[in-house]
Amino acid sequence: MPVFFPNEEIELYTYSEDDYDFHGPKNEYTLRETVKGNFSPLTTTSSLKEFGKILTDTYKLILDENTEIHDSDMVVVNNIKYEIIGTPENWNHGLLPHKEVLLQKLRNDSRGE
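These numbers were taken from a predicted model, which means no experiment stands behind them.

On a plain count of helices and strands, the protein chain comes out with 1 helix and 8 strands. Tracing the protein chain from N to C terminus, the helices and strands come up as β-β-β-β-α-β-β-β-β. Put simply, the protein chain has 113 residues, and 35% of those count as buried. Residue pairs in contact within the protein chain that sit at least 24 positions apart in sequence constitute 60% of those at least 6 positions apart. Working note: accessible area of the protein chain is about 7200 Å², and carbon and sulfur atoms make up 49% of it.

This paragraph deals with unusual backbone geometry. The residue Asn78 is not glycine, and still its phi comes out positive at about 50 degrees. Along the chain, the position of Asn78 falls in the loop between strand E6 (74–77) and strand E7 (80–91). Under the relative-accessibility criterion, Asn78 is labelled exposed at 55%.

Calculation criteria
- All residue numbers refer to position in the chain's written sequence, counted from 1.
- It should be noted that, the model being predicted, local features are given only for residues of pLDDT at least 70 and side-chain atom pairs only at 80 or more, the latter also being counted only at that level, while totals for whole chains, interfaces and linings use all residues.
- Derived side-chain values reflect all non-hydrogen atoms in the structure, with water molecules and hydrogen atoms excluded from consideration.
- Where helices and strands are cited, they refer to DSSP runs of H or I of at least four residues and of E of at least two residues respectively, numbered from the N terminus.
- The cut-offs for exposure are 20% and 50% of the maximum accessible area for each residue type, with area from a 1.4 Å probe on protein chains only; residues under the lower value are buried, those over the upper are exposed, and the others partly exposed.
- A contact between two residues is defined here by any heavy atoms of the two lying within 4.5 Å.
- Computed with the Shrake-Rupley method and a 1.4 Å probe, the accessible areas treat only the protein chains shown as cover for residues.

Take a look at the structure:
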């Protein structure tokens, strides 16, 4: 079932240690797929409930229940990189089952493209 209110194209990148160069594993991220999702800032109330404090640059991402996403993946929305906080959760609501992912904007831009 598709996400009810998709508002962004979401690029999902997978962490890969498979490629090697002279210095060892390249530790790069490779684009796995682009999907539609509902991307929105985490509200102050939600931030307090989830973490016990107000976090900045934190977002909620709602994806189709069948989307493959892992806590080691990197998410890119509008050319801005985000890391996953915790583990993506499956929500099996009767009307709209989906995956919910908490994201935080990457401050250190050292991750691969």
